[in-house]
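Per-entry structural report
Spelled out, the chains give:
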Amino acid sequence: MYPNAAILAVVLLGNSMVPFISAQNAGFVKSPASETKHTGDTFELYCDVVGIPTPEIQWWYSEINRPESFKQLWDGARKRRVSINTAYGTNGVSVLGIIRLTLEDSGTYECRASNDPRRNDLRLNPAISWIRTQATISVIQKPKINASDQIILSADSSSKPVTLICNLTTSQTAHKESLWMKNRQEIPNTRTEQRFTSYRIDKPRADDSGEYMCVYTFDMAPNANASIEVKAKPDITSHKRSENKNEGGDAMLYCKSVGYPHPTWTWRKVDGTSYTDIDNSTGRFFITNRGNYTELIILNLNISTDPGKYECNATNVIGNTAEITILRVRSYLAPLWPFLGVLAEIIILIVIIVVYEKRKTPDDIIDDDEPVGTMKTNSTNNHKDKNIRQRNTK
């Protein structure tokens, strides 16, 4: 009896220890990093924790130099400038974001995580059941940059140079250098150490339009920039002038433009002075737009209804432009036409040979009763007789 009791005790003890053996304390996989930001900017802090069971994550905040003043943050705090997005799976992942930063947003931000069942017991010190990681966010006054107003390129301005200007008037820290960017790409040979900087476009075209930025860099602060928009109406630079396809196949038409802002694209089929708008509702026509590029795909071409002129139209706040692509749809027998042409030539040649053979004259046909060889004549005797006759006449 005692051996059985001992075995039961061991089994009960083992079952009671399973949660403790399988449990895993919370630990950080990724912690938030400290940053310096300008007023008006945005920041995001990431916190990734692991543990069994998956730990709960909370965000807390304290003012600078006041470590005991931590207050919990929640989604929508600070007049809806705070956002907290948390997902739980194998890991717990949380992102804290704050927009339109002010100087009062400076402080220490703390990510807390715990999978201790006692973590929300108010009688216990949180330090016992929660692990913590911190990041310091320093918000400084944004530098002031005076920049040119937006510029609109018109059709008659191709010969008039355009100059973009930026001037760093105030900053809390000394700047390092400045540079120019277009559409988020640095423009070569524009770096300078001057606070006043300019960029000149000698012969502006629609391709020169876009979002320009003057960027100032600092040793002890994040970069500061100002944007200048150079706008122009769309100019379609690439499209298919014509497209030849077979009945039952697919056709792909496209247009590509330059100009800024990016245009709104529309497609329509033109028939004389009337037209039909095209959209994605038919199941055979599919339009894809990506910024300055548009694409129209037509499936299962119909030789009766699909051939014709297709117009792509690009429109922005400055103006619009359009181009035509002619679509031709051939019969599904079109691939056989070369073979049929060769076959017709062979048939015609055979007919000509047969007709020629039938129209030969009898003289052209050799009689089997006649001798095959050439008849020989006595040319010498004939000459003698001729001479004799001539002498006798005298």
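None of these values were measured; they are calculated from a predicted model.

1. So, the nonpolar core
Membership of the largest hydrophobic core comes to 23 residues, with the highest contact counts inside it found for I145, L164, C166, W180, C214 and Y216. Breaking this core down by element, the ones donating at least two residues are β11 (151-153), β12 (162-170), β16 (210-218) and β17 (224-239). Broken down by element, this core gets its largest block of residues, five residues, from β17. W59, L73, L96 and I98 belong to the second-largest nonpolar core, a separate cluster that totals 20 residues.

2. Considerations on the pattern of salt bridges
Counted according to the given criterion, the structure contains 16 salt bridges. We note a salt bridge from R191 to E177, for which the minimum N-O separation is 2.3 Å. Taken together, the residues R191 in the loop between β14 (185-186) and β15 (196-201) and E177 in strand β13 (residues 175-182) connect sequence positions 14 residues apart. Residue classification places R191 among the partly exposed residues on the basis of a relative accessible area of 44%. Each member of the salt-bridge network shares a partner with another, and the members are R78, R81 and D105.

3. Regarding the confidence of the model for the protein
Of all residues in the protein, 82% have pLDDT values of 70 or greater, and the mean over the chain is 85. Here helix α1 (residues 2-22) stands out as the least confident element of the protein, with mean pLDDT 36; strand β6 (residues 82-88) is the most confident, with 97. Scored below 50 in pLDDT, residues 1-22 makes one contact in the model with residues more than four places away or belonging to other chains.

4. Some details on the packing of aromatic side chains
Going through the model one piece at a time under the given rule, you end up with five aromatic pairs. Ring geometry for F43 and Y109: centres 5.4 Å apart, planes at 65°, overall edge-to-face. Here the residue F43 occupies a position in strand β3 (residues 43-52), and Y109 occupies one in strand β8 (residues 107-114), the gap between them amounting to 66 residues. For the pair F43 and Y109, a shared accessibility class is recorded, and that class is buried. Through a chain of ring-to-ring contacts, three or more aromatic side chains come together here, namely F43, Y61 and Y109. Sitting above the plane of the Y46 ring, K30 keeps its charged end 5.0 Å from the centroid.

5. Description of the sheet that holds strand β10 (residues 144-147)
If you walk across this open sheet you meet the three strands as β10-β12-β15, and the pairing is antiparallel. The open sheet has two free edges, formed respectively by β10 and β15, since each of these has just one partner strand. Taken pair by pair, the neighbouring strands of this sheet meet at an average axis angle of 15°, ignoring direction. In terms of strand pairing, β12 meets β15 through six bridges, oriented antiparallel. From the neighbouring strand, N167 faces β15, where its bridge partner is F196.

6. Regarding the pairing of strand β20 (residues 264-271)
Bridge count for β20 against strand β24 (residues 308-315) is seven bridges, and the pairing is antiparallel. Paired with V270 across the bridge in β24 is K309. Across five bridges, the pairing between β20 and strand β21 (residues 274-278) is antiparallel. Residue V270 lies in a different strand from β21, and its bridge partner there is Y275. Here β20 folds back onto β21, and the loop between the two strands holds two residues, one of which, G272, carries a positive phi near 70°.

7. Regarding the state of the cysteines
One pass over the structure, following the stated rule, counts three disulfides. Residue pairing for C255: its cysteine sulfur links by disulfide to C312, the two sulfurs lying 1.9 Å apart. The disulfide joining C255 to C312 has a torsion of about -85° about its S-S bond and is therefore left-handed. Taken together, the residues span a long stretch of sequence, with C255 in strand β19 (residues 251-260) and C312 in strand β24 at a distance of 57 residues. Looking at C255, the relative accessible area reads 0%, which means it is buried.

Thresholds, definitions, all that
Residues numbered from 1 in each chain as written. Predicted model: local features only at pLDDT ≥ 70, side-chain atom pairs only at ≥ 80, totals over all residues. Heavy atoms only, no water. Core = buried A, V, L, I, M, F, W, Y, C linked by side-chain atoms within 4.5 Å. Buried < 20%, exposed > 50% of the residue type's maximum accessible area, 1.4 Å probe, protein only. Helix = DSSP H or I, 4+ residues; strand = E, 2+ residues; numbered from the N terminus. Salt bridge = Lys/Arg side-chain N within 4 Å of Asp/Glu carboxyl O. pLDDT = per-residue confidence, 0-100. Contact = heavy atoms within 4.5 Å. Phe/Tyr/Trp six-rings, centres within 6.5 Å; stacked < 30°, edge-to-face > 60°. Lys NZ or Arg CZ within 6 Å of the ring centre and 35° of its normal. Pairing = 2+ DSSP bridges. Axes fitted to C-alpha atoms, helices over the stretch in contact; angles between N-to-C directions. Disulfide = S-S within 2.5 Å.

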